[in-house]
Amino acid sequence: MASQDIFAKPVDTKAPPSRIPVRNDHPVRRKGIQSQAPLQTNKFYSNFFLGDQRCPSFTFPYSVAWAGGKGVSASWGMSCSHIEEHQRVFGEVKFDGASSFYLNPIGIQSMVISAKELGEETTLSMDSITAFSARVHLSKNETAQPAISFPLVQGMAYITAQFDGSVPLIQSGVFFKAVSRVTTNPKEHVTKYNFHLEDGTTWRVYAWRTKGEELDLKVINNNRAESKSPFYGILQVCKDPGSKGSEDLFDDGAGVYPVTLELSGSVFGQEGSYSFKFQKNGHQLGHLYMFALPHHLSSFNGETMKRVQEVRLQSTTKGVATLVKGTEWAMVERHMPTEMDFAPWHPENGSMKELSSEAKGIIRAAAAKELSQNIAAQTNLDSMYFSGKALVKFATILYVVHELLGDEALAKAGLGQLEAAFGTFAANKQKYPLQDFVAAWGGIVSSASYKTGDDAVDFGNTYYNDHHFHYGYHILAAATIGYLDPEWVNANRDYVNLLVRDVANPSEDDKFFPLWRSFDWYHGHSWAHGLYAAMDGKDQESSSEDVMCAYALKMWGRVSKNSDLEMRGNLQLSIISRSLQSYYLYKKDNTVQPQQFIGNKVAGILFENKIDHTTYFDPNIEAIQGIHMIPILPATPFVRDQGFVREEWEAFFDKGRVDRIRNAWKGIIYGNYATIEPKKAWEFFTSRDFDPQWLDGGASMTWFMAYSAALGCL
């Protein structure tokens, strides 16, 4: 029998404890936001309240941006853009014959929805902010009511504008080639215009009047059409690809628009399902249409697949988007890794814990040496990220010693030290304690930027960057400690749950944290980018640390006996695995990303609008590839399958090329190599010539040896 809705219950609803001080201010002002905290920080519409509010919002397949008097149109309205495959720009060839990046041009104002009332004093504000949607308002000045409002939902088939008595303008920076009004209305009180632009594209404009006169446009020149009178109702714009039946479908959906969506899910054994239930508004006739991405289509259940249409538009970085009819999508993941635990894991053999006596002896010697290190000094750093990595390093060593080696005495000696080290963070006595921004954005952040004045310190944690990476490591360390010492869980449950709630709160009943800060259920992976305006939208670099966070949530759910959390973690792992294999990790047969780019094997940094095969910190190939390997976990081969690992190895590291690497990425790459060649990885890690510089600060010889030996049955 399927479980109840695994998204229904909050992790907790308590206020953060007093040892985490409350601040009501934040360096980033909540510009134009009319909703109350907790507020979203990492979502697709964030550019509308950041910087000068003019950077685009990528709804897929469209992007929208406040023109703000700029650009060819010089409009004060909302610019609508859609980029075709042939418009992409590719970077120079660097590695394996692949382009170093590709991007989509921005600032093309194909169609602009505006109002005659808007001008130099126009202000932009927002309300109805959720994890999945928001509404943007344009007003003629700070005190005026909105002239136009735009409900935004990812995948929307039209850019929808709500008018309540202002005078509509349709403008273009591409210029009108021909404009015509369709003589027969597609629905009662819905007028329709066809705009053919100079770039050869066709855009449909629909206007559903709710009172007053129908929309009657007068074309002033080749970039401006004005309504002859005030308008009350819904005005919509969409690009028609001209495929068979596309115009009829857009006619059917005219006047209907999404407001937000409700997420729900259930589990039955290894099968997990989740659904988007779109809340629609507008005209009573016709159907709601939404665009789905490739990973949605490959997981739709049979009933949803029947509603997939033959209308497609290119998206910026996620392949081709496909139109789907109806208010609900149901997606199924049939092979969730429910049995995966802390042990090395193989996709066919499951958890693998058996080690030979010889392997145990070698691993034990490494573990004893590593556990003699100063755990407190290595973990209490000036970074939540690096501290978390170190905590996981020692927790994993202790797991190996206790479970795979069976040496309870050695494990017990180290466990006390690790629990004390973790206790520094639970007591909020680390170098840069956490702070609670309950009245500002909501959630908990590092105090590092306040104390240093540097907005980039600790990778921007104070500005909500990378929380799922930083806190994910701490959650994973806690799960491992709690597995080894079950009594420890109750004493630390509330603190660890705070970290869970900050990155992965599933319920609006929790009033202290936004829903799903990091994970984007539409895209199937997380965004690491917090409160910084960006022309290319949100981004995420390390796909493997996204995997780590989902795995951490799963394991903390298991250890803390929160079955909903555990199942959500399993479901997230499955969705991430599916989406990454389309968007981040490229086999030769990848048909989603451009052929000129897939030779890179990994994305590098994936933005909403571009993909750049590099890192933020190192342009060398071992770092670019390695940032999508780190950390090596039981979940690693679930996402990075053997075929992919072999292709990547042959593209960049075989025939002795890996031996030219003389830094910590070498250990990561060999740990990853254990997925396909565990014996060779074992030989590398047990070699007398092994250099400690080849070991990452968050990795251990103990785990790499145990991982290789277990997978290789050594």
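The rules behind these values
Residues numbered from 1 in each chain as written. Predicted model: local features only at pLDDT ≥ 70, side-chain atom pairs only at ≥ 80, totals over all residues. Heavy atoms only, no water. Pairing = 2+ DSSP bridges. Helix = DSSP H or I, 4+ residues; strand = E, 2+ residues; numbered from the N terminus. Axes fitted to C-alpha atoms, helices over the stretch in contact; angles between N-to-C directions. Contact = heavy atoms within 4.5 Å. Buried < 20%, exposed > 50% of the residue type's maximum accessible area, 1.4 Å probe, protein only. Expected span 1.5 Å × (residues − 1). Polar contact = N/O pair within 3.5 Å; in protein donor to acceptor, adjacent residues only side chain to side chain. UniProt positions renumbered as here; feature names shortened; annotations may be inferred. Parallel < 35°, antiparallel > 145°, perpendicular 65-115°, else oblique. Left-handed = near helix turned anticlockwise from the far one by under 90°. Nonpolar A, V, L, I, M, F, W, Y, C, P; charged D, E, K, R; others polar.

Another aspect to go through is the sheet that holds strand β23 (residues 308–314). If you trace the three strands from one edge of the open sheet to the other, you get β22-β24-β23, paired in antiparallel fashion. Each having just a single partner strand, β22 (289–292) and β23 make up the two edges of the open sheet. When strand polarity is set aside, the average angle formed by the axes of neighbouring strands in this sheet is 35°. One ladder, built from four bridges, connects β22 with strand β24 (residues 320–325); its direction is antiparallel. Its bridge partner lying in β24, A292 is registered against T322. Lying over the sheet, helix α1 (residues 246–253) contacts β22, β23 and β24, oriented at roughly 100° with respect to β23.

This brings us to the pairing of strand β25 (residues 328–333). Most of β25 sits inside the fold, with five of its six residues counted as buried. Relative to β25, strand β21 (residues 271–282) is paired through six bridges, and the arrangement is antiparallel. Bridging from a neighbouring strand, G272 pairs with E333 of β25.

On to helix α6 (residues 384–404). Over its 21 residues, α6 runs 29 Å from end to end, which matches the ideal 30 Å to within 8%, given 1.5 Å per residue. With respect to burial, α6 is a largely interior element, 18 of its 21 residues being buried. For α6, the N-terminal capping position is held by S383, with its side-chain oxygen 3.1 Å away from the main-chain nitrogen of Y385. One or two positions beyond α6, positive phi appears at G406, with a value near 70°.

With an omega of 5°, the peptide bond between A37 and P38 qualifies as cis. Mapping P38 onto the fold places it in the segment before β1 (57–58). For the peptide bond that leads from I630 to P631, omega is -5°, which places it in the cis range. Structurally, P631 can be placed in the loop between α13 (621–626) and α14 (636–639). Despite not being glycine, A74 has its phi angle at roughly 50°, a positive value. The phi torsion at K655 lies on the positive side, around 55°, for a residue other than glycine.

Under the UniProt annotation, the feature "domain: Glycosyl hydrolase family 81 N-terminal" (unreviewed entry) is placed at residues 26–347. Structurally, residues 26–347 is divided into 5% helix and 46% strand, and its ends, taken at the C-alpha atoms, are 45 Å apart.

Our focus in this paragraph is the packing of α6 against helix α18 (residues 701–711). Contact geometry for α6 and α18: axes closest at 8 Å, N-to-C directions at 50°. Classified by the interaxial angle, the pair formed by α6 and α18 is oblique. In the packing of α6 onto α18, the handedness of the crossing is left-handed. Here α6 contributes T396, I397, V400 and L404 to the contact with α18, which in turn contributes T702, W703 and A706. Looking at the contact of α6 with α18 residue by residue, the class counts come to five nonpolar, two polar and no charged.

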